[in-house]
Amino acid sequence: MKCVTCREPAIIDIRRHNANFCAEHFLEQCRRQVVKAIDEFEMIAPGERALVAVSGGKDSLAVWDLLTELGYDADGLYLGLGIGEYSDVSGRHARDFAAARGLKLLEVDLPERFGYDIPTGARAARRAPCSACGLSKRHLFDAVAVEEGYDVLVTGHNLDDEAAVLFGNTLHWHTEYLGRQLPVLAERDGFPRKVKPLVRLTEREMAAYCVVRGIDYLVDECPMAAGNRHLTYKEALNDIEKASPGAKHSFYFGFLARAAERFADEAETDREGLRACPTCGAPTTAETCAFCRLVERAGGARPDPSTATAVPVELGPTRAGAR
Ligand code: SF4
Ligand code: ZN
């Protein structure tokens with residue numbers, strides 16, 4: 001197996017590109033794909049300040065590393081979810097990565113700041129853990145990006161993630177979600193611009209990228225992920241990809257090119273009546289935003305001390321912190 005660029009021994013084969021790469025040219029390939037995504041979808045302009053949502057896993061650390069390597073001004077934001085040992089270790093990976101590179105990492109700790117952790121909070125609010133977690137993450141990433149004046153919020157969603165979400169949304173015909181399943185969401189109505197620079201790269205490539213770059217990332221799955229339908233969709237797509245290399249890419253990018261626009265109206269309808277939450281100021285179509293309702297119901301559930309983490313909070317009050 002030889003590198004397609006230099007003919008030296010290759011370390012990875014990428015079947016959908018019908019190409020093998022040595023370590024050096026694989027890194028080059030990853031950077032090229034990120035530059036292509038940023039340019040094609042006009043994700044980040046030179047000189048803009050980016051905030052990267054960092055979990056300590058391979059994708060978020062890789063995207064932070066890639067943006068920094070490409071010369072972007074990018075800080076990180078880590079949320080302590082209070083998921084026991086998993087959160088302790090993920091926080092350590094995020095902090096070590098930032099410290100080793102002299103990068104700025106902001107932190108918000110859910111139990112400390114809002115009085116609930118994901119396992120107990122989800123139970124109290126009668127939500128699935130991933131639903132309470134997703135809601136908390138979306139709200140706080142948005143809130144901090146807006147309040148701290150970042151131009152753009154970056155997430156580490158890769159091609160596997162996007163194809164799996166698209167698969168789920170199509171399977172259930174969630175047309176309002178299909179209309180906004182885009183690699184860039186423009187800043188509007190109090191939400192920051194959100195971008196996904198890894199959409200042209202896969203999970204496997206991001207793991208390889210971290211190994212080659214010497215990035216020590218959290219390998220373990222979140223203990224709350226068991227039974228998550230997203231993982232089932234990923235496995236199904238992996239089987240299809242094995243039989244038909246490039247299927248995920250053509251599914252997702254074909255959707256963007258030929259179908260996404262058709263659902264734009266429904267996504268728009270979903271936004272009608274957006275106004276500021278009276279409690280925290282976040283945009284919402286309800287009386288009180290979903291995050292404040294979650295805090296209300298879950299905040300009374302005292303976090304289990306054995307699962308709570310205590311990391312320093314380096315931020316000023318977020319919108320929700322004004323409660
Ligand atoms: Fe949160 Fe679910 Fe992801 Fe765990 S698996 S970090 S609970 S969204
Ligand atoms: Zn609110």
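Summary of the structure given here. Note that the structure is a prediction, hence the values are computed from the model and not measured. (Residues numbered from 1 in each chain as written. Chains lettered and ligands numbered in written order. Predicted model: local features only at pLDDT ≥ 70, side-chain atom pairs only at ≥ 80, totals over all residues. Heavy atoms only, no water.)

What about the overall build of the chain?
Looking only at helices and strands, the chain features 13 helices and 10 strands. Scaling as 2.2 N^0.38, a compact globule of 323 residues should have a C-alpha radius of gyration of about 20 Å, and the chain matches this with 20 Å. Principal-axis analysis of the C-alpha atoms places the extent of the chain at approximately 60 × 45 × 40 Å. Counting the 323 residues in the chain, one finds 51% classified as buried. (Helix = DSSP H or I, 4+ residues; strand = E, 2+ residues; numbered from the N terminus. Rg over C-alpha atoms; globule rule 2.2 N^0.38 Å. Buried < 20%, exposed > 50% of the residue type's maximum accessible area, 1.4 Å probe, protein only.)

Digging into the site of ligand 1
Neighbouring ligand 1 are the residues Cys 130, Cys 133, Lys 137, Cys 222, Met 224 and Ala 225. Its residues assigned to classes, the shell around ligand 1 shows 5 nonpolar, no polar and 1 charged. (Near = heavy atom within 4 Å. Nonpolar A, V, L, I, M, F, W, Y, C, P; charged D, E, K, R; others polar.)

Overview of the environment of Leu 237
By the element assignment, Leu 237 lies in helix H10 (residues 229-243). Residue classification places Leu 237 among the buried positions, given a relative accessible area of 7%.

With respect to the side chain of Lys 234
Mapped onto the elements of the fold, Lys 234 is located in helix H10. A residue is classified by how much of its surface remains accessible, and Lys 234, at 13% relative accessible area, is buried.

Points about the nonpolar core
Most often, soluble globular proteins keep nonpolar side chains buried together rather than apart. Grouped together as the largest cluster of nonpolar side chains are 52 residues, with contacts concentrated most on Ile 44, Trp 64, Leu 67 and Tyr 209. In contact with Tyr 209, not counting residues within four places along its chain, are Phe 26, Leu 27, Cys 30, Ala 62, Asp 65, Leu 66, Glu 69 and Ile 215. (Core = buried A, V, L, I, M, F, W, Y, C linked by side-chain atoms within 4.5 Å. Contact = heavy atoms within 4.5 Å.)

Looking at helix H3 (residues 84-101)
The end-to-end C-alpha separation of H3 is 27 Å, in line with the 26 Å expected for 18 residues at 1.5 Å each. All buried positions along H3 are accounted for by Gly 84, Ser 87, Val 89, Ser 90, Gly 91, His 93, Ala 94, Phe 97 and Ala 98. At the C-terminal side of H3, Gly 102 shows a positive phi close to 65°. (Expected span 1.5 Å × (residues − 1).)

Concerning the coordination of the zinc ion (ligand 2)
Here the zinc ion (ligand 2) is held by Cys 277 (SG), Cys 280 (SG), Cys 289 (SG) and Cys 292 (SG), and the distances to it run 2.2 to 2.3 Å. In primary-sequence terms, the residues that donate to the zinc ion (ligand 2) follow C-x2-C-x8-C-x2-C. On the criterion of sequence distance, the pair formed by Cys 277 in the loop between strand E9 (275-276) and strand E10 (283-284) and Cys 292 in helix H13 (residues 290-298) is long-range, its members being 15 residues apart. Across this residue pair, the class does not change: Cys 277 and Cys 292 are buried. (Donors = N, O, S within 2.8 Å, 3.2 Å for Na, K, Ca; no water.)

Details of the layout of surface pockets
One number sums up the size of the second largest pocket: a volume of about 450 Å³. Looking at the second largest pocket, it is lined by 18 residues, and the ones nearest its centre are Thr 202, Arg 204, Asn 238, Glu 241 and Lys 248. For the lining of the second largest pocket, the secondary structure elements donating two or more residues are strand E1 (12-14), helix H7 (159-171), helix H9 (203-213) and H10. Ranked by residue count, the leading element in the lining of the second largest pocket is H10, at 6 residues. In the lining of the second largest pocket, the residues fall into 4 nonpolar, 2 polar and 12 charged. (1 Å grid on protein atoms, 1.4 Å probe; cavity = no way out; pocket = protein on both sides within 12 Å on 5 of 7 lines; lining within 4 Å. Points joined across faces, edges and corners; volume = space filled by probe spheres on them.)

A closer look at unusual backbone geometry
Phi at Arg 7 is positive, roughly 70°, even though this residue is not glycine. Tracing the backbone through its elements, the reader meets Arg 7 in the segment before E1. The exposure class assigned to Arg 7 is exposed, which follows from its relative accessible area of 52%. A positive phi angle, near 45°, is found at Trp 173, a position not held by glycine. The class of Trp 173 is exposed, set by a relative accessible area of 54%.

Comments concerning helix H11 (residues 247-258)
Under the 1.5 Å per step criterion, the end-to-end length of H11 is 16 Å for 12 residues, consistent within 8% with the ideal 16 Å. Of the positions making up H11, those classed as buried are Ala 247, Lys 248, Tyr 252, Phe 253, Gly 254, Phe 255 and Leu 256. On the buried face of H11, the contacting elements are H7, helix H8 (175-178) and H10.

Let's talk about the packing of H7 against H11
Close contact between H7 and H11 brings their axes to 9 Å; oriented N to C, the two are set at 65°. When the interaxial angle is binned, H7 and H11 end up roughly perpendicular. In the crossing of H7 with H11, the sense of the turn from one axis to the other is left-handed. Residue-level contacts link Leu 159, Asp 160, Glu 162, Ala 163, Leu 166, Phe 167 and Thr 170 of H7 to Lys 248, His 249, Phe 251, Tyr 252, Phe 253 and Phe 255 of H11. A class-by-class count of the residues in the contact of H7 with H11 yields 8 nonpolar, 2 polar and 3 charged. (Axes fitted to C-alpha atoms, helices over the stretch in contact; angles between N-to-C directions. Parallel < 35°, antiparallel > 145°, perpendicular 65-115°, else oblique. Left-handed = near helix turned anticlockwise from the far one by under 90°.)

Some thoughts on the environment of Ala 298
Tracing the backbone through its elements, the reader meets Ala 298 in helix H13. In this structure Ala 298 comes out as buried when scored by relative accessible area, which is 0%. A C-alpha to C-alpha distance of 16 Å links Ala 298 and Thr 279, two positions 19 residues apart in sequence. The contact partners of Ala 298, leaving out residues within four places of it in the chain, are Gly 115, Tyr 116, Gly 121 and Ala 124.

None of this, on its own, says anything about what the molecule does.
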